[in-house]
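# Results of the structural survey
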Amino acid sequence: MAHFETEYQRLEASYSDSPPGEENLLMHVPEGSKSQWHHIENLDLFFQRVYNLHQKNGFTCMLLGEIFELVQLLFVVGFTVFLANCVDYDVLFANKFVNHTDSSKVTLPDAILPMDVCNTHIRDNVFVIFVLIISGVFWLHRLVKFLYNVCCYWEIRSFYINALKMSMSELPYATWQEVQARIIEIQKEHQICIHKKELTELDIYHRILRFKNYMVAMVNKSLLPVRFRLPVLGDSVFYTRGLKYNFELIFFWGPGSLFENEWSLKQEYKRGGNRLELADRLASRILWIGIANLLLCPVILVWQILYAFFSYTEIIKREPGSLGARCWSLYGRCYLRHFNELDHELMSRLSKGYKAASKYMNCFLSPLLTVVAKNVAFFAGSLLAVLIALTIYDEDVLAVEHVLSSITLLGVCITICRSFIPDKHMVFCPEQLLRVILAHIHYMPDHWQGNAHRYETRDQFSQLFQYKAVFILEELLSPVVTPIILIFCLRRKSLEIIDFFRNFTVEVIGVGDTCSFAQMDIRQHGHPAWMSEGKTEASIYQQAEDGKTELSLMHFAITNPHWQPPRETTHFISQLKERVHREAAGASSETHPLSLSESEPRSLVANILAGPSTLGSVHFACDSSLANNAVTGMPGGATALRSLSPISSSLHLRGSLSAAHRASGFTCRAMTGSGTDARTVSSGSSAWEGQLTSLVLSEYASTEMSIHALYMHELHKQQSRGDLSRHTWHRQESDESSDSIPDEVRSEPNTRSRNFPRSQTFPATLPSPGASSASATGGTNVGQDGEKAQSSSQRRHSGPAADHFGTAGKVVRTARVAMGGWAEDGKASSRHHEPVQEETSEDELPPHIHKVT
């Protein structure tokens, strides 16, 4: 059978995060021998709980929230059953006469049925009994989970107090970076991880975000079936909490999932010899989970409707326009998320872009709807004014039937109409708003820039930033739609999923099996169009889309300034920062134009600061502190860029912090060196002082990342204009079949092949002999200098190369749909699939080991 070489090597030995047989979260060692926190078995779960306790502001707040969730579940079920079976609505609506001896008014107790009648109604209703049984089992499960979590989080509380030396009263005012720094420090003393002497920030992030990094990667590679083309609605996205829960259940932690525990992929999924059998097994499991969802659909649907009713009715009554407000969709949060980005970091970034995103969407209000809304609001307001005037004159008017209901409905109608009437002072500037949005969300399809005024761009952006009413409607439809997606869409992608987990899983010593994209390795997953040209060896299949690797790397480096990246990664970061600093210095000078090399675009920062896409319009919460506008005549964006220079950054930050320190009456340790080092200043002695300092440092990091993101997008845009032939391929649609093969794809003459199911992500044809030898030589070179690439030892699993070789050894690349499935206008998103290499037994594959440190 034929052999082939790939850039991913298979893994022979399994990785065990801890010795077998240990099942407790914390392994306590007898006193006098080792620390209580020595060798924590399940560090994934431990670090997740440490992070959750920090985000929930301490043990007491978390405990109270869990208790109220249990009470809320009982209330929703009990109150719904009471309303359905124990209320006499004829009495309540005055359709039945009630005899009273002392009063002629009907009271609430008159509308409540006697207890025996209520019990009879409940016993005679089979559906109510079924709902009560299901709800009771679910509530008991939640109760047991609550008691277990209380015991576990009590251990975490003890860890904070005894090991980290942080009291629960201090926790709400401490940043996660402070907690993380203390964890890294106590590793030297307590050895909570026995596989490494020292922990890094990336190790902790990998533990907390192991499964979320996989989900981000699958969305980035358009592997999950969440995008659909519907007959009437056109291109649509459907990604709800229920669908996400089922994805995680199938892939990560459910019975029969791909992972044997939180940190290790099952050994059989690391080998490519039995991929077809594993794909059939996964497809069968998806089918059964889809059938289970279908059977539970009525119960889940009823629960969704009741929960939405009790949750949003009061809000809608108080603020009818809240349904017209927008929110970041669940798909948008996953699409816009960096690799290794914690929840609070993501939400902080998206929250800063919320106002600009709302203004951008409001630019597209229909003129026709505006005219209609103004006139409807006028007539409804006239009627409402008359009713209110009559009520003020004589309150008995409220006793007239339907008067109070009419006032309420007219008020709701006016509020809804106002949401369609734009602000008369609003200026139509979609390009500028879109650039402000990009400064915060960091990701945007190329064809949006320059087309911000088009409705196609607006419709695609609405998939990321949807109406709250649409979000609620999708959640209500989720119990019905989720089984359909699982059975008919996800099952046929089982082979691609198996290949994805094998090809993009690496084993990191001291961490376990992680998504290779989460390593943020420019050499393995960089994209040539995103400043990685000449630094990356990744094929199209291995490249992260949308500049995800490069932007994630910059975000993580800026968020964690003490992180020590590998040598090649450090070179990429320093080179990018140097270019931004150089252009920032030139942009702040009116007489000295930027002078880059002739091959580079001229004055990218100047392009960012000029025209309708000015960075100066970006609003930062603490821009007055971060960018001191002492330089008169300097634009706001140039001032922000000026603050990133090695000298001025620390001076600006030192001045802002010194002012804050003088106001609050405390001093901090001297901040010397670059602004990156300055961001790690101590938080002070009091909670308020620590919060103030953390706010300034956080806004500084946010500003720095926004500017680097804008610069990278501008450079990518100019590079794409200069070399259009390199970027004309598109990403594959995630919801299409993968069984077609183009006629022009030919196999090599001496290669035996047979027809069997294939996936889009498996190797294509066997390379020519020259190409094979070149590949083998390249693999040898990679192995020789692999220690320069990563900070911890890794072993790569076997995987394919995405490029395939046609006649004369020419590389043929498949077509894809750009940027998360959004195809550019006028460009066809044709798909080409390669014949699959003949399947070989696992024993015949070369047992290469690729270690990277």
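Our subject is the structure listed above.
What follows deals with a nonpolar patch on the surface. Together, Leu-64, Ile-67, Phe-68 and Val-71 line one region of the surface with nonpolar side chains, adding up to about 370 Å² of accessible area. Considering the arrangement of structural elements, one finds Val-71 in helix H2 (residues 59-85).

To continue, consider the pattern of salt bridges. Under the definition given, this model contains 25 salt bridges. For the salt bridge of Glu-66 with Lys-56, the shortest nitrogen-to-oxygen distance reads 3.8 Å. Remark: Lys-56 occurs in the loop between helix H1 (43-55) and H2 and Glu-66 occurs in helix H2; sequence separation between them is 10 residues. Across the salt bridge formed by Lys-196 and Asp-203, the nearest N and O atoms sit 2.5 Å from each other. Among the charged side chains, a salt-bridge network with shared partners connects Asp-44, Arg-207 and Arg-210.

Time to look at the packing of aromatic side chains. Tallied over the entire structure, the rule returns 42 aromatic pairs. Aromatic pair Phe-252 and Phe-259: ring centres 5.9 Å apart, planes at 55 degrees, arrangement tilted. Each member of the pair, Phe-252 as well as Phe-259, is classed as buried. With a centroid separation of 5.9 Å and an interplanar angle of 35 degrees, the aromatic rings of Phe-461 and Phe-465 are classed as tilted.

What follows covers unusual backbone geometry. Positive phi, close to 50 degrees, is recorded for Gln-191, a residue that is not glycine. With respect to the helices and strands, the residue Gln-191 is situated in the loop between helix H6 (176-190) and helix H7 (201-208).

A few words on the pairing of strand S7 (residues 505-508). The side-chain alternation of S7 yields two buried faces, one formed by Thr-505 and Glu-507 and the other by Val-506 and Val-508. Where S7 lies against strand S8 (residues 512-515), 4 bridges are found, and the strand directions are antiparallel. Residue pairing across strands places Val-508 opposite Gly-512, the latter belonging to S8. Count of turn residues in the S7/S8 antiparallel hairpin: 3 residues, of which Gly-510 carries a positive phi of about 85 degrees.

The next subject is the state of the cysteines. Throughout this description, disulfide means a covalent bond between two cysteine sulfur atoms. As enumerated under the stated definition, the model contains 1 disulfide in all. A sulfur-sulfur distance of 1.6 Å marks the disulfide that ties Cys-86 to Cys-118. You can see Cys-86 sitting in the loop between H2 and helix H3 (89-92) and its partner Cys-118 sitting in helix H4 (residues 115-124), a full 32 residues away along the chain. Accessibility expressed as a relative area gives 5% for Cys-86, which makes it buried. In this model Cys-363 remains outside any disulfide bridge; the closest cysteine sulfur is found in Cys-429, 5.9 Å from its own.

Checked against the element boundaries, Gly-534 lands in the loop between helix H22 (528-532) and helix H23 (548-559). Residues Gly-534 and Arg-523, 11 residues apart in the sequence, show an inter-C-alpha distance of 9.0 Å.

The biggest cluster of nonpolar side chains holds 132 residues, and the ones touching the most others in it are Tyr-160, Trp-176, Phe-247, Phe-251, Phe-461 and Phe-501. If one sorts the elements of this core by residue count, helix H30 (residues 687-722) sits on top with 8 residues. For Phe-251, the contacting residues outside a window of four places in its chain are Met-218, Leu-224, Ser-257, Leu-258, Phe-259, Arg-285, Leu-490, Ile-497 and Phe-501.

Each value, and the rule that gives it
- Residues numbered from 1 in each chain as written.
- Predicted model: local features only at pLDDT ≥ 70, side-chain atom pairs only at ≥ 80, totals over all residues.
- Heavy atoms only, no water.
- Patch = residues over 30% accessible without salt bridge, like charges linked within 9 Å, V, L, I, M, F, W, Y side chains within 5 Å.
- Areas by Shrake-Rupley, 256 points an atom, 1.4 Å probe, with all protein chains shown as cover.
- Salt bridge = Lys/Arg side-chain N within 4 Å of Asp/Glu carboxyl O.
- Helix = DSSP H or I, 4+ residues; strand = E, 2+ residues; numbered from the N terminus.
- Phe/Tyr/Trp six-rings, centres within 6.5 Å; stacked < 30°, edge-to-face > 60°.
- Buried < 20%, exposed > 50% of the residue type's maximum accessible area, 1.4 Å probe, protein only.
- Pairing = 2+ DSSP bridges.
- Disulfide = S-S within 2.5 Å.
- Core = buried A, V, L, I, M, F, W, Y, C linked by side-chain atoms within 4.5 Å.
- Contact = heavy atoms within 4.5 Å.

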